[in-house]
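Coordinate inspection notes
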Amino acid sequence: MERITVAPGAQITVLPAEKFNRCRISINFIWPAAREWATAEALLPLVLERGYRDCPDMTELSKKLARLYGAALSVDGTMGGQSRVLTVTVSGIRDRFALAGEPLSMEYAGIAFGVAFRPYLVDGLLDAEAVDIEREQLRELLESEINEKRGYCIRQARRKFYGDSPAGIERNGYLDEVNSLTARTVTDAYFRMLRLARIEVTVLGADVEAARTCLAAALKGVLRTPSELPSPIAMPACKARSFEEPLPTVQGKLCLLFTSGVPCAPEELSALRVAVAALGGTPTSRLFQNVREKQSLCYYCAATHISLTGALCVDSGVEHDKAAHARDAILHELSAMCTGTLSQAELDDVKRALKNQLAAVSDTLQGLEGWYFAECMRGTQKTPEEVSAEIDAVTQEDVRRVLSRFSLSVCYTLTKEAGADA
């Protein structure tokens, strides 16, 4: 891996990708999330993906990508802890496979940096027609979130867990604000992002000079005051709160969110990976074996950890009349791992599973990019091989220590409506 600083707050990460016949250039804008900008910022990826100054027509853009041997463009937005992230990615075959020796990397970079830095403007604003069309798409997305009950339950739990914290700002914005979005408000959000964001460009298998040249040119004349990114946080410990939401569902949903009260130290992240996997991250985990298989209290039961916000999440699909029993069983398994002994066989199984996952990181361009971008967001630069060695060194006592810091904060249950059939 190589890191190249092009300008203050603008860096390129070069990752080895010799074994792939495709390459990838991604431009990541990362800036502190703000509640008042959330909905306009959520619309930005949808509008930007429609085209840019040199190719504002969606049909022509599709044809251009097709002529580049089927290259692909995507623009995505997400939340990373207390930061918002917008990512522009172009991928396609590598230069050496071009039939006529075309400089494909420069073409890919031209499209990616064009979308990111040269949007299609009409009288200084993002195209109003594009904003109107994508505003309706965003509305439909927000209105349909309840249709996928597992994700909906987790989001509802997160809303209670994070409250007014920047970490709780909605990735897709807020339905009651969609009508107020205009070309002006979305354009203002775009230029605010350009001014504040830290820019992280990732190059995998493409010509690095093409990306460096395009980034340097894109930044010329742009007034930027990149913000410091928020550090990882943890919600304070509090008395556990329970919430129930009745919905006409056949299967109930249960989400438990725990907090450690303090951010996870980088040197303890590997121990936490092992602990969470042992609790509910593999088919040999305690939750899978004991809550699902032996007690038949749920259809699935999974544990995940969000390192940027110090949250431990356990979510489960349950029979409505077994939700309370499943909750108690989950809490029992967590308590047992904090006070009891994790057998050596369990520990070895978890370590093998995690090391297999780490070994597979380099199997895809997306996997490589995702790994190193997550490291960047945490402020660390560890390789999968380094983390694999750390996992090998995790002990049973390490698992008990990191898990014992967590306390239940929110329990959210989707249950059937009163009088409804199961």
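These remarks concern the structure in this document. Remember, predicted model here, so these are calculated numbers, not experimental data.

On to the pattern of salt bridges. Counting across every chain of the model gives 31 salt bridges. Between arginine 159 and glutamate 170 there is a salt bridge, with its nearest N and O atoms 2.5 Å apart. Of the two residues, arginine 159 sits in helix H5 (residues 149–162) while glutamate 170 sits in the loop between H5 and helix H6 (183–196), which places them eleven residues apart along the sequence. Close ionic contact of glutamate 209 with arginine 212 constitutes a salt bridge, the shortest N to O distance being 3.1 Å. With glutamate 209 and arginine 212 both in helix H7 (residues 208–219), this residue pair falls three residues apart, about one helical turn. Overall, the relative accessible area of 41% leaves glutamate 209 in the partly exposed class. Here the salt bridges share partners, and the residues they tie into one network are Asp132, Arg135, Glu136 and Arg139.

Formed by 64 residues in total, the largest nonpolar core has its most connected members in Ile27, Phe29, Phe113 and Phe117. With nine residues, helix H3 (residues 104–117) is the single largest residue contributor to this core. Leaving out residues up to four positions away in the same chain, phenylalanine 29 has contacts with Arg84, Val85, Leu86, Ala116, Phe117, Met193, Leu194, Ala197, Arg198 and Ile199. Listed in part, the 49 residues of the second largest apolar core include Phe20, Cys301, Ala326 and Met337.

Even without being glycine, aspartate 123 reaches a positive phi, approximately 55°. Following the sequence through the fold, aspartate 123 ends up in the loop between strand E6 (121–122) and strand E7 (125–126). On the basis of relative accessibility, which here comes to 78%, the residue aspartate 123 falls in the exposed class.

Strand order in the open sheet formed by six strands is E1-E2-E8-E3-E5-E4, with mixed pairing between adjacent strands. Two strands lie at the open edges of the sheet, namely strand E1 (2–7) and strand E4 (72–80), each paired on one side alone. Recorded for the sheet is a direction-independent mean angle of 20° between the axes of neighbouring strands. Note: strand E3 (residues 22–32) against strand E5 (residues 83–93), eleven bridges, orientation antiparallel. For asparagine 28, the partnering residue across the bridge sits in E5 and is threonine 87. The sheet strands contacting H3 are E3, E4, E5 and strand E8 (198–204), and the helix crosses E3 at an angle near 20°. Each of E3, E5 and E8 touches H6; the most contacted strand, E3, lies at about 95° to it.

Calculation criteria
- Per chain, the residues get numbers from 1 upward, laid out in the order the sequence is written.
- Local features in this predicted model are restricted to residues of pLDDT 70 or higher, and side-chain atom pairs are both shown and tallied only at a pLDDT of 80 or more, whereas totals for entire chains, interfaces and linings draw on every residue.
- Working from all heavy atoms in the structure, the side-chain values ignore hydrogens and water.
- The rule for a salt bridge is simple: a side-chain nitrogen of Lys or Arg has to be within 4 Å of a carboxyl oxygen of Asp or Glu.
- Counting from the N terminus, the helices are the DSSP runs of H or I reaching at least four residues and the strands are the DSSP runs of E reaching at least two.
- Relative accessible area decides the class of each residue, using a 1.4 Å probe on protein chains only: under 20% of the type maximum gives buried, over 50% gives exposed, and in between gives partly exposed.
- Side-chain atoms within 4.5 Å link the members of a nonpolar core, which is a set of buried Ala, Val, Leu, Ile, Met, Phe, Trp, Tyr and Cys residues.
- A contact between two residues is defined here by any heavy atoms of the two lying within 4.5 Å.
- Any two strands with at least two DSSP bridges between them are considered paired.
- Only C-alpha atoms enter the line fits that serve as axes; for helices the fit covers just the stretch in contact. Angles between N-to-C directions range over 0 to 180 degrees.

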